[in-house]
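# Residue-level structure breakdown
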Amino acid sequence: MSPTVEDSISLPAPVLAAYSYCETVTGSEARNFAYGIRLLPVAERRAMSALYAFSRRVDDIGDGTLAPEVKADRLGATRDILDRIRDGKVDEDDTDPVAVALADASRRFPIPLGGLDELIDGVLMDVKGVTYETWDDLKLYCRCVAGAIGRLSLGIFGPAPSAPQTEKAAEYADTLGLALQLTNILRDVREDAGNGRTYLPADDLAKFGCSDGFDGPHPPAGSDFPGLVHFEVRRARALFAEGYRLLPMLDRRSGACVAAMAGIYRRLLDRIERDPLAVLRGRVSLPGHEKAYVAVRGLSGFDARQIGRQAGRRRA
């Protein structure tokens, strides 16, 4: 009997239905992450889908059109659901399928649910309109909304038992989350500006003459917008280089998942670097066939082997 069938039989019907709902949400909404999640074994894939569906709910509240005070109330109610999960008070017949799935996942895997509190804290920063003077300020936000997701995911993946230096795995997962989030910020700079949000640090914007913001398809007059983008791209690349050291610590399929998700964002970063002004003209994305290629490359283990060899040379 296949692992998928065995695992499905062992789950109560309401829990299986809850996971199915979360997988549907992930497949329809996680345009980039879904390519990596599909590479996981069934139990890990379901747990990641539950984690994504809960995180998506938090993000949707922050990105919605409700008044700030209503958003804050809804985020508080979402935190209450997280408390119920943490306290083991979500039954399999609960009416919230995301809560049911995440509760089951947290019983099966050592998921550090406090990372979801950090995500809620980060989205509350959006609701309050927090801006960031320096990279150190922005890092705090990125660690809440993305680094925490990396650490939560590691609770599902877990480093391989035989991997060296696994005590640094959480640090690398956190750093990889920062790399992905900074790439997101660059990609969405105009969309965020249209929603009244500025994430790039104020001192970086001032350095390149971009303090007036981005309200159209052209950069501020007299600015060095390409210089700003290339500066942030170099920062993101350094974060990727550090965070990718996680890959050799993971088993083959978990490493493939992470390599696929991160690889898609690295290719987005390449496109942004080649044409910085593209982020002001519209949303930069990869076609489906290119995402599929990155997923296959991750499944081959090429990236993990390459990084493992580099790490070995550094230790030597």
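Residues numbered from 1 in each chain as written. Predicted model: local features only at pLDDT ≥ 70, side-chain atom pairs only at ≥ 80, totals over all residues. Heavy atoms only, no water.

## A closer look at the packing of helix α12 (residues 225-243) against helix α13 (residues 252-274)
The interhelical angle for the contact between α12 and α13, taken along N-to-C directions, is 155°, at an axis separation of 10 Å. On the basis of their axis angle, the class for α12 and α13 is roughly antiparallel. Considering how the two elements wind past one another, α12 and α13 form a crossing that is left-handed. Note on element contacts: α13 touches α12 through Ala-262, Tyr-265, Arg-266, Leu-269, Asp-270, Ile-272 and Glu-273, opposite Val-229, His-230, Val-233, Ala-236, Arg-237 and Phe-240. Each residue belonging to the contact of α12 with α13 can be placed in one class, and the counts come to eight nonpolar, one polar and four charged. (Axes fitted to C-alpha atoms, helices over the stretch in contact; angles between N-to-C directions. Helix = DSSP H or I, 4+ residues; strand = E, 2+ residues; numbered from the N terminus. Parallel < 35°, antiparallel > 145°, perpendicular 65-115°, else oblique. Left-handed = near helix turned anticlockwise from the far one by under 90°. Contact = heavy atoms within 4.5 Å. Nonpolar A, V, L, I, M, F, W, Y, C, P; charged D, E, K, R; others polar.)

## Structural notes on the pattern of salt bridges
Considering all chains together, one arrives at 27 salt bridges under this definition. Of the charged contacts, one joins Glu-29 and Arg-56 as a salt bridge, the two residues approaching to 3.2 Å between their closest N and O atoms. Of this pair, Glu-29 sits in helix α2 (residues 13-29) while Arg-56 sits in helix α4 (residues 42-63), and the two are 27 residues apart along the sequence. The partly exposed category is assigned to Glu-29, whose relative accessible area is 31%. The partly exposed category is assigned to Arg-56, whose relative accessible area is 26%. The salt bridge partner of Glu-273 is Arg-237, with a shortest N-O separation of 2.8 Å. Linking Glu-273 in helix α13 with Arg-237 in helix α12, this pair joins segments that are 36 residues apart in sequence. For Arg-237, a relative accessible area of 27% translates into the label partly exposed. (Salt bridge = Lys/Arg side-chain N within 4 Å of Asp/Glu carboxyl O. Buried < 20%, exposed > 50% of the residue type's maximum accessible area, 1.4 Å probe, protein only.)

## Details of helix α8 (residues 135-157)
At Arg-143, α8 shows its largest kink, close to 50°. Backbone geometry just after α8 places Gly-158 at a positive phi near 70°. (Bend = angle between axes of the 7 residues up to and from the residue.)

## A look at the nonpolar core
Membership of the largest hydrophobic core comes to 102 residues, with the highest contact counts inside it found for Leu-116, Phe-225 and Phe-240. Here this core takes 11 residues from α8, the largest share from any one element. Leaving out residues up to four positions away in the same chain, Leu-116 has contacts with Leu-51, Phe-54, Ser-55, Leu-82, Leu-102 and Leu-152. (Core = buried A, V, L, I, M, F, W, Y, C linked by side-chain atoms within 4.5 Å.)

## A closer look at the confidence of the model for the chain
When pLDDT is averaged across the chain, the result is 89; 91% of the residues are at 70 or more. Scored below 50 in pLDDT, residues 1-6 shows four contacts in the model against residues more than four places distant or in partner chains. (pLDDT = per-residue confidence, 0-100.)

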